[in-house]
Amino acid sequence: MTDRWFDDAAGPVVRPYAMTRGRTRSTAGDAERLDLIALVIADEPATGSRGAGREPRPDPAPPAPAPAGDGRVLGRRTVALDTIDPMDPVDPPPVARREPGNAPDAGEAADGEAEDPLDDAALAPEHIEIVKLCRAADLSVAELATELDLPVGVVRVLIGDLLEAGLVRVTRPVPPAELPDVSILREVINGLRAL
Amino acid sequence: MVFGRSKRARSAAADPVTLKILVAGGFGVGKTTLVGAVSEIRPLRTEEALTEAGRPVDSTEGVETKSTTTVAMDFGRITIHDRLVLYLFGTPGQDRFWFLWDELAHGALGAVVLADTRRLADSFAAIDYFERRGIPFTVAVNCFDGAQQHPVETVREALDLDGEVPVMLCDARQRESARDVLISVVEHALHTSAQAAATGPAAEPAERSPSTTG
Ligand SMILES: Nc1nc2c(ncn2[C@@H]2O[C@H](COP(=O)(O)OP(=O)(O)OP(=O)(O)O)[C@@H](O)[C@H]2O)c(=O)[nH]1
Ligand SMILES: [Mg+2]
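In this convention, every chain numbers its residues from 1, walking through the sequence in written order. Starting at A for chains and at 1 for ligands, labels are handed out in the order in which the entities are written. The predicted nature of this model means local features are confined to residues of pLDDT at least 70 and side-chain atom pairs, given and counted, to a pLDDT of 80 or more, with totals for whole chains, interfaces and linings taken over all residues. Where side-chain values are given, they derive from all heavy atoms of the structure, hydrogens and water being excluded.

A. Layout of the overall build of chain A. Numbering of helices and strands starts at the N terminus; helices are DSSP runs of H or I of at least 4 residues and strands are runs of E of at least 2. Across its full length, chain A holds six helices and three strands. Put simply, chain A runs from its N terminus to its C terminus through helices and strands in the order α-β-α-α-β-α-α-β-α. Only protein chains enter the accessibility calculation, which uses a 1.4 Å probe; a residue is then buried when its area is under 20% of its type maximum, exposed when over 50%, and partly exposed in between. Here chain A holds 195 residues, and 43% of them are scored as buried. Residue burial considers only the protein chains on display, and all accessible areas are found by Shrake-Rupley using a 1.4 Å probe. Of the roughly 10400 Å² of accessible surface on chain A, a fraction of 53% belongs to carbon and sulfur atoms.

B. Up close: the overall build of chain B. For chain B, the helix and strand inventory stands at five helices and seven strands. For chain B, the succession of helices and strands along the chain, N to C, is β-α-β-β-β-α-β-α-β-α-β-α. Each of the 214 residues in chain B was classed as buried or not, and the buried ones make up 50%. Element-wise, carbon and sulfur atoms account for 53% of the exposed surface of chain B, whose accessible area totals about 10300 Å².

C. Molecular detail of the site of ligand 1. All names here are of chain B. Nearness is defined per residue: one heavy atom within 4 Å of the molecule or strand is enough. Not every one of the 16 residues close to ligand 1 is listed here, only the nearest: G28, K31, T32, T33 and N142. Any pair of N or O atoms that falls within 3.5 Å is considered a polar contact. Within protein, one atom must be able to donate a hydrogen and the other to accept it, and sequence-neighbouring residues count only if both atoms are side-chain atoms. Separating an oxygen atom of ligand 1 from a side-chain N or O atom of T32 is a distance of 2.7 Å. The protein chains hide 69% of the 650 Å² of surface that ligand 1 would expose on its own. Examining the composition of the shell around ligand 1, we find that three residues originate from one element, helix α1 (residues 31-38), more than from any other. Residue classes in the shell around ligand 1 are distributed as five nonpolar, seven polar and four charged. Side-chain classes are defined by residue name, with Ala, Val, Leu, Ile, Met, Phe, Trp, Tyr, Cys and Pro counting as nonpolar, Asp, Glu, Lys and Arg as charged, and the others, Gly among them, as polar.

D. Structural detail: a negative patch on the surface. Only residues above 30% relative accessible area that lack a salt bridge enter a patch, with like-charged residues linked at up to 9 Å and the nonpolar side chains Val, Leu, Ile, Met, Phe, Trp and Tyr linked at up to 5 Å. Think of a salt bridge as a Lys or Arg side-chain nitrogen and an Asp or Glu carboxyl oxygen that are within 4 Å of each other. Here Asp and Glu are counted as negative and Lys and Arg as positive; His is not counted, and neither are the chain ends. Just so you know, the charge point we use is NZ for Lys, CZ for Arg, CG for Asp and CD for Glu. Judged by side-chain charge, B:D128, B:E131, B:D160, B:D162 and B:E164 come together as a negatively charged surface patch. Given the relative accessible area of 40%, B:E131 is considered partly exposed.

E. Geometry of the packing of aromatic side chains. Residue and element names in this part refer to chain B. Stacked, tilted and edge-to-face are the three classes assigned to paired rings of Phe, Tyr and Trp, where Trp is represented by its six-membered ring and a pair needs centres within 6.5 Å; plane angles under 30 degrees give stacked, over 60 edge-to-face, the rest tilted. Applying the stated criterion to the full structure yields three aromatic pairs over all chains. With 5.5 Å between their ring centres and 20° between their planes, F75 and F89 make a pair best called stacked. Placement of F75 in strand β3 (residues 70-81) and of F89 in strand β4 (residues 84-90) is noted, with a sequence separation of 14 residues between them. For the residue pair F75 and F89, the accessibility class agrees, reading buried in each case.

F. Representation of the interface of chain A and chain B in the model. Contacts are assigned to residue pairs with any non-hydrogen atoms lying within 4.5 Å of each other. Between chain A and chain B, the contact holds 47 residues from the first and 49 residues from the second. The term buried area denotes the loss of accessible surface (1.4 Å probe radius) that occurs when two parts are joined, taken as the sum for both partners. Where chain A abuts chain B, roughly 4100 Å² becomes buried across the two surfaces, and 64% of that area is made up of carbon and sulfur atoms. The interface formed by chain A and chain B includes five salt bridges. Here A:R169 and B:D15 are joined by a salt bridge, their closest N and O atoms 2.7 Å apart. Inspection of the chain A/chain B interface yields eight residue pairs in polar contact (both at pLDDT 80 or more). For the side of chain A that touches chain B, the secondary structure elements donating two or more residues are β1 (39-41), α3 (125-136), β2 (139-140), α4 (141-148), α5 (152-164) and α6 (183-193) of chain A. The element contributing the most residues to the side of chain A that touches chain B is α6(A), with nine residues. When its residues are assigned to classes, the side of chain A that touches chain B shows 28 nonpolar, five polar and 14 charged.

G. How the structure looks around α3(A). Here, expected helix span is obtained from the residue count minus one, scaled by 1.5 Å. The end-to-end C-alpha separation of α3(A) is 17 Å, in line with the 16 Å expected for 12 residues at 1.5 Å each. The buried fraction of α3(A) is high, at 10 of 12 residues.

H. Looking closely at the nonpolar core. Nonpolar core, defined: a set of buried Ala, Val, Leu, Ile, Met, Phe, Trp, Tyr and Cys residues in which side-chain atoms within 4.5 Å join the residues together. Formed by 62 residues in total, the largest nonpolar core has its most connected members in A:L144, B:F89, B:F130, B:F137 and B:V139. The element best represented in this core is α5(A), accounting for six residues. If near-sequence neighbours (up to four positions away) are discounted, B:F89 is found in contact with A:L36, A:I37, A:A142, B:K20, B:I21, B:L22, B:V23, B:D74, B:F75 and B:L104. Counting residues in hydrophobic clusters, the runner-up holds 34 residues, among them B:A37, B:C170, B:I183 and B:A189.

I. Broad picture of the side chain of B:S123. Among the secondary structure elements, B:S123 is positioned in the loop between β5 (110-115) and α3 (124-133). Beyond its immediate chain neighbours, meaning those up to four positions away, B:S123 contacts B:V113, B:L114, B:A115 and B:L159.

J. Representation of the state of the cysteines in the model. Residues and elements named next belong to chain B. Here, a disulfide means two cysteine sulfur atoms that sit within 2.5 Å of each other. Counted according to the given criterion, the structure contains zero disulfides over all chains. No disulfide involves C143; its nearest neighbouring cysteine sulfur is the one of C170, lying 6.5 Å away. Looking at C143, the relative accessible area reads 21%, which means it is partly exposed.

K. Layout of the pattern of salt bridges. Residue and element names in this part refer to chain B. Tallied over the full model, the rule gives 13 salt bridges over all chains. Of the charged contacts, one joins D180 and R179 as a salt bridge, the two residues approaching to 3.2 Å between their closest N and O atoms. A residue is classified by how much of its surface remains accessible, and D180, at 33% relative accessible area, is partly exposed. Given the relative accessible area of 16%, R179 is considered buried.

L. Here's a closer look at the pairing of strand β1 (residues 17-25) of chain B. Residue and element names in this part refer to chain B. Of all nine residues that make up β1, eight are buried, and the element is covered over most of its length. Strand direction decides the pairing type here: β1 and β4, joined by seven bridges, are parallel. The partner of I21 across the bridge, within β4, is L88. Two strands pair if DSSP finds at least two bridges between them. Across five bridges, β1 lies against β5 in parallel orientation. Bridge pairing in β5 links I21 to G110.

If you want it as structure tokens, here you go:
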């Protein structure tokens, strides 16, 4: 990351601000704030007819090149420059909506490897990281903020983008007063006793 | 991967239930220690951005003025089983950040108020807060070495606690002790909800309309 994103006046606010293009609210349809303990769930990408997508086994194919090289630079820079630096020539495309079969390189997926929707230059590295983390294990908003070392507010916006793009879904934690049955609390007590 | 949990395909109906318990109390009373003692993950820290405008201007003794606009809260996790996860949130110790609790407290199952008998008054703010919000809480007296041991009933009186509020001694560094405090919170929450069910929905705390009551 280049130093010019930071200066004494703007400080560490610049990076989160840039990443969210100045948004403080998620653009996702429901305006409700994502709860800190809402779980972000990203199911494994469809893997054609192989049917082995759940196991994290080593893939014989070379790893998808997408997010590493250009994607990384493009993701953060374009998003950042769009807001901060009018000199930037690149226009950040909005996060693409996931539409199976609409991928530009659909023909290349003919070898049985389905296109991973993450191979999308419109996604910032942080978007991709969130999806990858959540594919490995469901993570709460709070855990994601820690993993990415970003303020919760920023992570909320990023998750909102991913919701819009159909790449993740989130759980809506039920306040204890509205729990359908108190046996859940008994389960908690028993679980704690067993610790 | 990150936390070693396995991932399986399931429907939204089978999504895990997440619950949270807050750990509050005065500055340096042992909140982070307690969260770390029971959490299956190292206590994680997350930062919430604050706007300068929203930051109270009082100065707190011993807390140096910082130019950053974030405040950390720490949290831990206890996986009860693969469909039920309990999160712990240690609230920021400095009272001037109390307004962050609204988000933390929303939907909380219950709370721990950690108290130090040498500085009981430090826990007043947390107790007031949870009482007003109708959030069930247990007062846990953290027994620091060298601190005089006070009988639980003395503490209850000094804190002017409702008779139903559990008060117990604990050592926040001990896993079993911290676990017992959490069990007390959930049992209290269970009891409270059973009572609420018996008295009818009118007894529900005014959590959703905090502005209408003082
Ligand atoms: N002897 C003893 N020391 C403790 C106990 N609990 C915490 N400590 C120590 O007290 C100090 C403060 O504990 P923390 O857990 O950081 O307290 P905190 O409430 O998180 O502090 P803030 O977040 O700054 O408000 C640490 O040095 C702990 O090791 C205890 O039960 N006994
Ligand atoms: Mg602490």
